[in-house]
Amino acid sequence: MINVAVIGSGTMGNGIAHVFAQHGFPVALIDISQPALDKALGTIAKNLDRQVAKGSITEEDKTATIGRIQTYTSVAEGVNNVQLVVEAATENVDLKLNIFRELDLHAPQDAILASNTSSISITKIAAVTKRADKVIGMHFMNPVPVMKLVEVIRGYATSDEVTARIMDLSRQLSKTPTEVNDYPGFVANRILMPMINEAIISLHEGVAGVEEIDTVMKLGMAHPMGPLQLADFIGLDVCLAIMRVLHDGLGNPKYAPCPLLVNMVMAGRLGVKSGEGFYSWGHGTKDLVVAERFLK
């Protein structure tokens, strides 16, 4: 069983650490903030409690999973004895490039460096390291413990051996890996984000309201949630960042982010994480409540 490090203890990072640890891998969970790490362990414990309540794991499984996770605030200390690093920091290209420069310095030379990026070029990330053949995308879906897909992204120089190892590791996590090539947005977000953007354009142009747009897509297309609700869950700032990657990388005006999306992010209306996006999330119930500004 290999040793794994996860960089970033937010929603994706703690989910990735949870899944690796649950499947028997020793995990070093790394973040610059000890309170963030403590919060992540609390989140993992709560998610494991849900699995215990459903009967999918035992209390002993939960205890063993938590016991496999060690936390670190130092990258150098956390990655010095690992065979795989999965970076799950904020979707910011400069931040990720700096992290990979540091990982290249401190991780063992034979360690694979993977990124959970949802849109940033793996080739660009690999170029700041001296091991481009060992850099790969490992894009998990949210929530990580539930969603089966791992989008495995090959950079320009990623080796066949490293790709095969990550495909196999993903299967060991009870996931379904899908290999894709390194182009803006990969597959998942190259298709999903323009759909979300088009839903926002439809709202912006007055074609229909928030509930109406989401109802059409849920009942007409059998989507589990509408695109505007999904955007709120993803984070409107993340949606905007990915649209900009698509627009810049492909140079096609059809990928231009909707002005309403841009304005909402500038105003701090980011969805669930800020308490308001297309819906209001601070009312203490599970009922969907359209944000006041979008009410007719």
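An unreviewed UniProt entry lists the chain under the name 3-hydroxybutyryl-CoA dehydrogenase, from Hymenobacter sediminicola. Heading Sequence similarities (unreviewed entry) of the UniProt record for the chain holds this comment: "Belongs to the 3-hydroxyacyl-CoA dehydrogenase family."

So, about the UniProt feature "domain: 3-hydroxyacyl-CoA dehydrogenase NAD binding" (unreviewed entry) in the chain. Mapped onto this structure's residue numbering, the UniProt feature "domain: 3-hydroxyacyl-CoA dehydrogenase NAD binding" (unreviewed entry) falls at residues 3-182. Secondary structure over residues 3-182 splits into 43% helix and 21% strand, and the C-alpha atoms at its two ends are 26 Å apart.

Applying the stated rule across the entire model yields 10 salt bridges. For D104, the salt bridge is made with R131, and the minimal N-O distance between the two is 2.7 Å. Here the residue D104 occupies a position in helix α5 (residues 93-106), and R131 occupies one in the loop between α6 (122-126) and β6 (135-140), the gap between them amounting to 27 residues. Across the pair, R131 and D104 agree in class, each one buried. Among the ionic pairs, R154 bridges to D160, the shortest N-O distance being 2.7 Å. A residue is classified by how much of its surface remains accessible, and R154, at 18% relative accessible area, is buried. Within the structure, one salt-bridge network assembled from shared partners comprises D49, E59 and K62.

In many analyses, interface size is given as the accessible surface area lost on bringing the parts together. Taken domain by domain, the chain holds domain 1 (4-181) and domain 2 (187-294). For domain 1 versus domain 2, the separation of C-alpha centres amounts to 27 Å. In this assembly, seven residues from domain 1 lie in contact with six residues from domain 2. A combined buried area of about 520 Å² lies between domain 1 and domain 2, and 62% of that area is made up of carbon and sulfur atoms. When the area that domain 1 buries against domain 2 is broken down by residue, the three leading residues are S118, S119 and E151, summing to 60%. Across the contact surface, domain 1 and domain 2 share zero salt bridges. In this structure, the connection of domain 1 to domain 2 is made through three residue pairs in polar contact (both at pLDDT 80 or more). In terms of residue class, the side of domain 1 that touches domain 2 is made up of two nonpolar, three polar and two charged.

Here the focus is the sheet that holds strand β1 (residues 4-7). Taken together, eight strands build an open sheet; the order of strands is β3-β2-β1-β4-β5-β6-β7-β8 and the sheet is mixed. With one partner strand each, in any of the chains shown, β3 (69-72) and β8 (176-181) form the two edges of the open sheet. The average angle at which neighbouring strand axes cross in this sheet is 25°, direction not considered. By the bridge criterion, four bridges tie β1 to strand β2 (residues 27-30) in an arrangement that is parallel. Within the sheet, the bridge partner assigned to V6 lies in β2 and is L29. Where helix α7 (residues 160-172) meets the sheet, its contacts fall on β4 (84-87), β5 (112-115), β6, β7 (149-154) and β8, and the angle it forms with β7 comes to roughly 175°.

Moving on to helix α2 (residues 34-54). One turn of the α-helix equals 3.6 residues, which is why residues spaced by three or four share an orientation. Its 21 residues place the ends of α2 31 Å apart at the C-alpha level, agreeing with the 30 Å of an ideal helix rising 1.5 Å per residue. All buried positions along α2 are accounted for by L37, A40, I44, A45, L48 and Q51. For α2, the buried positions fall inside an angular range of 140° around the axis, keeping them on one side. What points out from α2, more than 90 degrees from its buried face, is the exposed set P35, K39, K46 and A53. Buried residues along α2 sit in contact with α1 (11-22), β2, α3 (59-67) and β3. With a side-chain oxygen positioned 3.1 Å from the backbone nitrogen of A36, the residue opening α2 is S33.

Cut-off values and rules
- Residues numbered from 1 in each chain as written.
- Predicted model: local features only at pLDDT ≥ 70, side-chain atom pairs only at ≥ 80, totals over all residues.
- Heavy atoms only, no water.
- UniProt positions renumbered as here; feature names shortened; annotations may be inferred.
- Helix = DSSP H or I, 4+ residues; strand = E, 2+ residues; numbered from the N terminus.
- Salt bridge = Lys/Arg side-chain N within 4 Å of Asp/Glu carboxyl O.
- Buried < 20%, exposed > 50% of the residue type's maximum accessible area, 1.4 Å probe, protein only.
- Domains from an automatic or database assignment.
- Contact = heavy atoms within 4.5 Å.
- Buried area = accessible area lost by both parts, 1.4 Å probe.
- Polar contact = N/O pair within 3.5 Å; in protein donor to acceptor, adjacent residues only side chain to side chain.
- Nonpolar A, V, L, I, M, F, W, Y, C, P; charged D, E, K, R; others polar.
- Pairing = 2+ DSSP bridges.
- Axes fitted to C-alpha atoms, helices over the stretch in contact; angles between N-to-C directions.
- Expected span 1.5 Å × (residues − 1).
- Arc of directions from axis to C-beta.

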